[in-house]
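Commentary on secondary and tertiary structure
In case you want the letters, here they are:
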Amino acid sequence: MNGTATATAKPPFGYLAEFESVRAVYKAAEKVRDAGFKHWDVHSPFPIHGMDEAMGLGRSVLSWLVFFGGATGALTAFILQGFTQIALYPTIVQGKPANLNTIPAFFPVIFELTILFSAFTVLFGIMGLNQLPRLNHPLFSSKNFCRFSDDGFFIVIEGRDSKFSKEKTKAFLEEIGAKEVELVEDDA
Amino acid sequence: MSAHKSVKDLPEDGEKFDIKKVSKLLGMLFSVGILTTIACAVIFLNQEWRATMAYSWLFAFIFFFTLALGGLFWTLLHNATNSGWGVAVRRLMENLGLMLPWLFVFALPFVVIPDVRGALWEWMGERREMISEAEDYAASHLETETAEWEEKVREARARFSEVRSGIESGMAKATPGEKAFLQEKLDAETAAFDALKSEDAAPTVESIKAHHMKESNVLLYNKGGFLNMGFWFFRFIAYFVILTLLIRFLRGLSVRQDADGDEKRTMLARRMSCGFLPLFAVVTTFAVIDWLMCLDYTWFSTMWGVYLFAGSALSSMAVLVLVLTYLRNLGYLRDVVTEEHYHIMGKLMHAFVIFWAYISFSQYFLIWYANITEETRFFLMRNTGHWNTVSILLVVCHFFIPFLALLQKRVKTTPRLLCAVSLWMIAMHIIDMYWIVIPERGPSLGAGVVVPGAIFFDVLAFTAVGALLAYIFLRSLGKDSLYPCRDPRLEESINLMN
């Protein structure tokens, strides 16, 4: 592969920097955050407590999505049962009234649909927010990156970030303690 | 991680609550408590008001009992699950649980004054009546019943000799097969006759009594193995002995660790708590069955114990949040407890708001749906008239409002907001307990739905128990460090991150 030719044709995906330990990657993440980068990420084999804050991540919108997803579920179940059991075709069970006083009988279904809709919103919300499913990712071309699920701690700064510069970002990553910095091409 | 705190920066012997700082409050609580207790005692002495007051006292007692029970529960759970987050607030849980032995003092009216327990638990009086009536009946009817039995035996003897001679004459010309059949028949007749004429079948005072009791009150007779005075007293004492031993044991380990920092005590507390939890569950269940479910001995619910437990764990967590905030406002625990602890306590409260709703709905739903006469009385009473308003209020305000409030992270991490929710939860728990105890009063005392003016008794009893317990609780805070200062997991707890 001709490195210079591809580099001029397409900007690189970004820099992959490897760090020694949790502590090092945590400290580095705080510095990347303070440097004002927007398109970057941390990869580690396990969740690191407090990383959200170190990366300056805000709150995800997922919780709001789930709230409205659950509320839709509750409303759906209520309307479905109310409409069929009260308005459309009242079923008299054990002489109980076919009106709103029968609402305890609706609760199990309301409960179940709330859970179902919430769970679906979580699943599809996470997939949507993470742009999944996708078949490949530029980072997979790096051999070293395989270790993110074993013992490697990585910071990736993407080329589409407005602050990205081929030389300065590399120097910056080395300065904040990266053990090894690798340029990852966007070969898609 | 950015600002890792070390236990070395904390005072070596923990922080001690200086009760002199709150001496004004303590004095006020003590005087209010003593005055209202005297007022309650005067009411108890009045024959006319005693029964009404009994319900007020039970309501006040059970509310504070569930709070203290919750304190014990969180201590047990904390130890059993080897939890790291809660070390910083564990001492407060222990302190709350330590109120259990004191509650025994407040439960004394139930043990000491027969009229009080008689007014609350009708089965006691009814059982006494049932027994004495059956005794009278047995004494006066022994002769006639014996004569009747003798007459019956005479008739049976005449019939038996007739049958026997019939069979014996038939035997003479029977085939071997028929013979065997006839012999079998003869054996059966002989056995039946022997059983009737035997001494065991003769009516005695005991047998007439049992039969009469079964006829007059079958429920109370069948439940007699559990609902009898001797066993009731035994249970009453046993509940308090067991609960006191549990909390004293865990508290003792915890305080001794403050002195020597021996981590074996943490291990022992964990191991023992796992065994204590089932014991706690049994005691809780039977205690509330005895004191609350048996307000009407004909009614039963299999969810009862866990329903009371759900409310107890929830509201005691609310109390812990309030006590914690109070202490922090006075300048204690500032370096030990952070918003992260509030966040977890808020999450636990949220979980128990849902658990309470789940349990109370399950209890209501099954009874409402099955609609079987012996199960519906409890809800029938509370779904009519003004009590229905309270029932609906509980559904909305004990579940929906706190559920939506605690969904938000901001509410759980902001001490002021979480305190507001805690106060709300405690208010709801008061209403919940009121709704359990008080509707029984009017019908039981034959005074209609609500005994007029009795709400003043309720407030008075609540103030008396509440003020004195608050006084004792605040004073007990001053005895030891406010957090386990040499717990091996303290450092983990003060650096808690959600």
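Residues numbered from 1 in each chain as written. Chains lettered and ligands numbered in written order. Predicted model: local features only at pLDDT ≥ 70, side-chain atom pairs only at ≥ 80, totals over all residues. Heavy atoms only, no water.

Before going further, it helps to spend a moment on the overall build of chain B. A count of helical and extended segments in chain B gives 21 helices and 0 strands. Here the C-alpha atoms of chain B give a radius of gyration of 31 Å, more than 25% beyond the 23 Å that 2.2 N^0.38 yields for 498 residues. With respect to the principal axes defined by its C-alpha atoms, chain B has extents near 110 × 55 × 40 Å. Within the span of chain B, comprising 498 residues, buried residues form 50% of the whole. Across chain B, every contact between residues at least 6 apart in sequence was considered, and the portion connecting residues at least 24 apart equals 84%. (Helix = DSSP H or I, 4+ residues; strand = E, 2+ residues; numbered from the N terminus. Rg over C-alpha atoms; globule rule 2.2 N^0.38 Å. Buried < 20%, exposed > 50% of the residue type's maximum accessible area, 1.4 Å probe, protein only. Contact = heavy atoms within 4.5 Å.)

Now for the packing of helix α2 (residues 47–80) of chain B against helix α3 (residues 87–97) of chain B. Residue and element names in this part refer to chain B. Across the interface, α2 lies against α3 with an axial gap of 7 Å and an inter-helix angle of 140°. Of the possible angle classes, the one that applies to α2 and α3 is oblique. Remark: the crossing between α2 and α3 carries left-handed chirality. Between α2 and α3, the residues in contact are L67, A68, G71, L72, W74, T75, H78 and N79 and V87, R90, M93, E94, L96 and G97, respectively. The residue inventory of the contact of α2 with α3, partitioned by class, reads 7 nonpolar, 5 polar and 2 charged. (Axes fitted to C-alpha atoms, helices over the stretch in contact; angles between N-to-C directions. Parallel < 35°, antiparallel > 145°, perpendicular 65-115°, else oblique. Left-handed = near helix turned anticlockwise from the far one by under 90°. Nonpolar A, V, L, I, M, F, W, Y, C, P; charged D, E, K, R; others polar.)

Our next topic: unusual backbone geometry. Residues and elements named next belong to chain A. Residue L132 is joined to P133 through a cis peptide bond whose omega torsion reads -5°. Residue position: P133 is located in the loop between α5 (103–129) and β3 (153–158). At Q131, a residue that is not glycine, the phi angle is positive and equals roughly 55°. Structurally, Q131 is set in the loop between α5 and β3. Overall, Q131 belongs to the exposed group, its relative accessible area being 60%.

So, about the sheet that holds β3(A). Paired through their backbone hydrogen bonds, the strands of a sheet run either parallel or antiparallel. All names here are of chain A. Strand order in the open sheet formed by 4 strands is β2-β3-β1-β4, and the pairing between neighbours is antiparallel. Lying at the two open borders of the sheet, with one neighbouring strand each, are β2 (40–43) and β4 (180–184). Taken over all neighbouring pairs, the strand axes of this sheet differ in orientation by 20° on average, direction set aside. As defined by bridge partners, β2 adjoins β3 across 4 bridges and the pair is classed as antiparallel. If you follow W40 over to β3, its bridge partner there is I157. Those strands touched by helix α2 (residues 22–35) are β1 (14–19), β2 and β3, and its axis lies near 20° from that of β3. With respect to the sheet, helix α6 (residues 166–175) is in contact with β1, β3 and β4, its orientation differing from that of β1 by roughly 10°. (Pairing = 2+ DSSP bridges.)

This part takes up the interface of chain B and chain A. Taken together, the contact between chain B and chain A spans 14 residues of the former and 16 residues of the latter. Between chain B and chain A, the buried area comes to about 1,400 Å², and carbon and sulfur atoms account for 71% of it. Linking chain B with chain A are 0 salt bridges. Joining chain B to chain A, the criterion identifies 2 residue pairs in polar contact (both at pLDDT 80 or more). Elements with a minimum of two residues in the side of chain B that touches chain A: α14 (339–370) and α16 (385–407) of chain B. It is α14(B) that provides the largest number of residues to the side of chain B that touches chain A, a total of 6 residues. Of the residues contributing to the side of chain B that touches chain A, the split by class is 10 nonpolar, 3 polar and 1 charged. (Buried area = accessible area lost by both parts, 1.4 Å probe. Salt bridge = Lys/Arg side-chain N within 4 Å of Asp/Glu carboxyl O. Polar contact = N/O pair within 3.5 Å; in protein donor to acceptor, adjacent residues only side chain to side chain.)

Our focus in this paragraph is the domain arrangement of chain B. Domain annotation of chain B identifies domain 1 (7–121 + 228–492) and domain 2 (126–219). Distance from the C-alpha centre of domain 1 of chain B to the C-alpha centre of domain 2 of chain B: 57 Å. (Domains from an automatic or database assignment.)

Where charged atoms from two side chains of opposite charge approach closely, those side chains can pair. Residues and elements named next belong to chain B. This structure, assessed with the given rule, holds 26 salt bridges over all chains. Between R486 and D13 there is a salt bridge; the shortest N-O distance is 3.3 Å. Placement of R486 in the loop between α20 (454–477) and α21 (490–494) and of D13 in the segment before α1 (23–45) is noted, with a sequence separation of 473 residues between them. For R486, a relative accessible area of 24% gives the class partly exposed. D13 gets classed as exposed once you look at its relative accessible area, which sits at 56%. Residue D296 pairs with R377 through a salt bridge whose shortest N-O separation is 2.2 Å. Of the two residues, D296 sits in the loop between α12 (264–291) and α13 (304–329) while R377 sits in helix α15 (residues 373–382), which places them 81 residues apart along the sequence. Connected through salt bridges with shared partners, the residues R90, R91, E94, R251, D258, D480 and D487 form a single ionic network.

Okay, the pairing of β3(A) next. Residues and elements named next belong to chain A. Counting buried positions along β3 yields 6 of 6 residues, so the element is predominantly enclosed. Covered by surrounding structure in β3 are F153, I155 and I157 together with F154, V156 and E158, the residues of both alternating faces. Bridge analysis of β1 against β3 gives 6 bridges, and the strand direction is antiparallel. Each bridged residue has a counterpart across the sheet, and for E18 the counterpart in β3 is F154.

A cluster of nonpolar side chains, namely A:L75, A:F78, A:I79, A:F83, A:L88, A:Y89 and A:L100, defines an oily patch on the protein surface of about 780 Å² accessible area. Looking at where A:F83 falls in the secondary structure, it is placed in helix α4 (residues 62–88). (Patch = residues over 30% accessible without salt bridge, like charges linked within 9 Å, V, L, I, M, F, W, Y side chains within 5 Å. Areas by Shrake-Rupley, 256 points an atom, 1.4 Å probe, with all protein chains shown as cover.)

Moving on, we get to the packing of α3(B) against α13(B). Residues and elements named next belong to chain B. For the pair α3 and α13, the least separation of the axes is 10 Å and the interaxial angle reads 120°. With respect to each other, α3 and α13 are oriented oblique. α3 and α13 meet at a crossing whose hand is right-handed. Mapping the contact onto sequence places V89, L92, M93 and L96 in α3 and S316, V319, L320, V323, L324 and L327 in α13.

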